[in-house]
Amino acid sequence: MNPRNTMKLSNLLQNSGNKFLQCKLRGEMAGNGFNLTSSAGYSTARQSYDADGKISKRIFADYCIYKGKAALSAAPILPTFSKMGSGFTKIDRRGSIMLTFRPAIGDRKYDSEKKQLFALSVTEVGSFISMGPGDTREFFHDPAMQSSAEGQVRKSLSIKPFTDGYFISLSVANNILKTNERFTVPVTSAEFAVMREAFSFALPHIMGWAHSTNQLPDSPGEDSSKVHQQLGSASEWDR
């Protein structure tokens, strides 16, 4: 490669660190009403490091899929831990894979005020990544399960195959607010493969096993009340 072209390529890569990496995937499905022209990518935030080498700023690494009627993003939510009086560390809450749906309000514009969340548990992540060609999945969440308020708010996530991928749909029925919302995002086979691989990589981390198998000695002066501070929405019921 010409040295001048090599320098231009190097400068381009350095200057594009905070931009979306986008790929265009086009397809047609007769009569389904969906435009499968899509933009999928991931976002990152610049990293800065403290003197001890630790990252001092949060890293955003959501995997996002943008379609004509809605956008879908996925991100891992790490577990939280606390120290017991004996000095041992226990897990307070296991992590999850948070799916976020946002409705489209225009060309490449999505309404974050009307977003809906669905947190895949460890077992649900296992069910997701074990899907084979032609398989379907459906998950139901109710924050008031086995209580007198059961059924007041109910979420249903379904994954159903089509010719070149899967329809991932979320339905949210809120009997308190008298609302019923539904989001459907057609996910291509390539996009689904990315999600499956990313979920497989994240699984031991959201279980807490990545922490237990990579234990480090406590640092002097470390706050023993919380070993890991949760970033972002830890619950799908947070808005």
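Cut-offs applied
- In this numbering scheme, every chain counts its residues from 1 along its sequence in written order.
- Selection of residues for local features in this predicted model requires a pLDDT of at least 70, selection of side-chain atom pairs for listing and counting requires 80 or more, and totals for whole chains, interfaces and linings are taken over all residues.
- Side-chain metrics rest on all non-hydrogen atoms present in the structure, leaving aside hydrogens and water.
- Working definition: helices are DSSP H or I runs of at least four residues, strands are E runs of at least two. Numbering for both runs from the N terminus.
- When accessible area is computed with a 1.4 Å probe and restricted to protein chains, residues below 20% of their type maximum are described as buried, those above 50% as exposed, and intermediate ones as partly exposed.
- Here a residue-residue contact requires only that any non-hydrogen atoms of the pair lie within 4.5 Å.
- Accessible surface area values rest on a Shrake-Rupley calculation with a 1.4 Å probe, where residue burial reflects the displayed protein chains alone.
- Paired strands, as defined in this entry, are two strands with at least two bridges between them according to DSSP.
- Axis lines are fitted to C-alpha atoms, over the contacting stretch for helices. Their N-to-C directions set the angle, which ranges from 0 to 180 degrees.
- Each residue carries a pLDDT value, the predictor's own confidence for that position, ranging from 0 to 100.
- We define a nonpolar core as any set of buried Ala, Val, Leu, Ile, Met, Phe, Trp, Tyr and Cys residues linked to one another through side-chain atoms lying within 4.5 Å.
- The rule is short: rings of Phe, Tyr and Trp, with Trp giving its six-membered ring, pair when the centres are within 6.5 Å, and they are stacked under 30 degrees, edge-to-face over 60, tilted in between.

## Observations regarding the overall build of the chain
From N to C terminus, the chain includes 4 helices and 13 strands. Split into buried and exposed, the 239 residues of the chain put 35% on the buried side. In the chain, once contacts between residues fewer than 6 apart in sequence are set aside, the share between residues at least 24 apart is 51%. When the accessible area of the chain is evaluated, it comes to approximately 14900 Å², of which 54% is carbon and sulfur surface.

## Some points on the sheet that holds strand 10 (residues 137-141)
Sheets are built from strands that pair by backbone hydrogen bonding, the pairs being arranged parallel or antiparallel. With respect to topology, 4 strands assemble into an open sheet ordered 10-11-12-13, the strand pairing being antiparallel. The sheet is open, and its two borders are formed by strand 10 and strand 13 (179-188), each paired with just one other strand. Averaged over neighbouring strand pairs, the angle between their axes works out to 10° when direction is ignored. With 10 bridges connecting them, strand 12 (residues 165-174) and strand 13 associate as antiparallel partners. Residue pairing in the sheet places Ser171 in a bridge with Arg182 of strand 13.

## Quick notes on the confidence of the model for the chain
Confidence along the chain averages 76 in pLDDT terms, with 65% of residues attaining 70 or more. Of the regions scoring below 50 in pLDDT, residues 42-56 engages in 27 contacts with residues more than four places distant in sequence or in other chains. In this model residues 220-232 is a low-confidence stretch, pLDDT under 50, and it forms 22 contacts with partners more than four residues away in sequence or in other chains.

## Digging into the nonpolar core
In terms of nonpolar packing, the biggest core is built from 30 residues, with Ile97, Leu99, Phe101, Leu120, Leu157, Met195 and Phe199 touching the most fellow members. The element that contributes the greatest number of residues to this core is helix 3 (residues 189-207), accounting for 7 residues. Sequence-distant contacts of Leu120, defined by excluding residues within four places in its chain, comprise Ser96, Ile97, Leu99, Val125, Phe139, Leu157 and Phe199.

## Concerning the environment of Thr136
Turning to its location among the elements, Thr136 is positioned in the loop between helix 2 (122-129) and strand 10. Residues Thr136 and Pro161, 25 residues apart in the sequence, show an inter-C-alpha distance of 6.7 Å. Apart from the residues lying within four places of it in its own chain, the contact partners of Thr136 are Met131, Ile159, Lys160 and Pro161.

## Some points on the packing of aromatic side chains
What the rule picks out here adds up to 6 aromatic pairs. Both rings, one in Phe162 and one in Phe167, keep their centres 4.6 Å apart while their planes meet at 35°; by these two values the pair is tilted. Take Phe162 and Phe167: they sit in the same class, and that class is buried. Pairwise contacts between aromatic rings join Phe128, Tyr166, Phe192 and Phe199 into one cluster.

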